[in-house]
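One letter stands for each residue in the lines below.
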Amino acid sequence: QGQLVESGGGLVHSGDSLRLSCAASRRTFSNYAMGWFRQAPGKNRDFVAGINWSGGLTSYADSVKGRFTISRDNAKNTVYLQMNSLKSEDTAVYYCAADARMGFALSRRNDEYEFWGQGTQVTVSS
């Protein structure tokens with residue numbers, strides 16, 4: 001019974017779009033900052049995007065800024081990652097994570113997120 005479950009990944013062509021969803025099992029996640037990370041084979045797990053509890057503050061990795069949009073619907077306990085203009089280098093397993101510290105800053109560090117989903121594969125063909 002995972003507390004965070006990602007969905008929406010798949011195989012697309014360069015230039016296409018996908019929307020990932022992260023469903024939280026408990027209402028308390030609406031109080032947490034949430035983040036999306038990704039990991040390609042042989043590489044570290046890198047920060048992609050973050051959003052604070054209310055959705056009023058967001059942060060993006062430089063590599064996705066202008067193409068990806070993170071959002072959340074706390075009434076549905078769900079966080080989204082809209083990915084547009086996908087590139088082959090976006091190919092990775094995408095993970096949803098929750099920062100339970102309830103601080104003010106949006107962390108980009110893996111070890112500051114307590115809860116993680118199992119990941120969803122995004123493959124972008126060239």
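Note that this is a predicted model, so its numbers are computed, not measured.

Caption draft 1: Fine view of the pairing of strand S1 (residues 4-7). Judged by which residues are buried, S1 turns out to be one-sided: Leu4 and Glu6 face inward and are buried, whereas Val5 and Ser7, on the alternate face, are not. Sheet analysis places S1 next to strand S3 (residues 18-24), joined by 4 bridges and oriented antiparallel. From the neighbouring strand, Glu6 faces S3, where its bridge partner is Cys22.

Caption draft 2: Highlighting the state of the cysteines. This model, assessed by the stated rule, comprises 1 disulfide. In this model Cys22 forms its disulfide with Cys96; the gap between the sulfur atoms is 2.0 Å. Where Cys22 bonds to Cys96 through sulfur, the torsion about that S-S bond is close to -80 degrees, and the disulfide is left-handed. Taken together, the residues Cys22 in strand S3 and Cys96 in strand S9 (residues 92-99) connect sequence positions 74 residues apart. Its relative accessible area of 0% is what places Cys96 among the buried residues.

Caption draft 3: Representation of the sheet that holds strand S7 (residues 68-73). Strand order in this open sheet of 4 strands is S1-S3-S8-S7, and the pairing throughout is antiparallel. Only two strands of the sheet have a single neighbouring strand rather than two, namely S1 and S7. In this sheet, neighbouring strand axes are inclined to one another by 15 degrees on average, regardless of whether the strands run parallel or antiparallel. Bridge analysis of S3 against strand S8 (residues 78-83) gives 6 bridges, and the strand direction is antiparallel. Its bridge partner being in S8, Ser21 is matched across the sheet by Tyr80.

Caption draft 4: Representation of the pattern of salt bridges. Overall, the coordinates contain 6 salt bridges when judged by the stated rule. Between Arg38 and Asp90 there is a salt bridge whose closest N-O contact spans 2.9 Å. Remark: Asp90 occurs in the loop between S8 and S9 and Arg38 occurs in strand S4 (residues 33-39); sequence separation between them is 52 residues. Since its relative accessible area comes to 14%, Arg38 is described here as buried. Between Lys65 and Asp62 there is a salt bridge, with the nearest N and O atoms lying 3.7 Å from each other. We note that Lys65, like Asp62, is exposed. In this structure, a network of salt bridges that share partners links the residues Arg38, Arg67 and Asp90.

Cut-offs applied
- The written sequence of each chain sets the order in which its residues are numbered from 1.
- Owing to the predicted nature of the model, reporting of local features is limited to residues with pLDDT of at least 70; listing and counting of side-chain atom pairs is limited to 80 or more, with chain, interface and lining totals taken over all residues.
- Side-chain metrics rest on all non-hydrogen atoms present in the structure, leaving aside hydrogens and water.
- Three exposure classes are used, based on accessible area relative to the maximum for each residue type with a 1.4 Å probe and protein chains only: buried under 20%, partly exposed in between, and exposed over 50%.
- A run of H or I in DSSP becomes a helix once it reaches four residues, and a run of E becomes a strand once it reaches two; helices and strands are each numbered from the N terminus.
- Only strands that DSSP links by at least two bridges are regarded as paired with each other.
- Put simply, a disulfide is two cysteine sulfurs that come within 2.5 Å.
- The convention used is that axes are lines fitted to C-alpha atoms, helices contributing only their stretch in contact, and that angles between N-to-C directions extend from 0 to 180 degrees.
- What makes a salt bridge here is a side-chain nitrogen of Lys or Arg within 4 Å of a carboxyl oxygen of Asp or Glu, nothing more.

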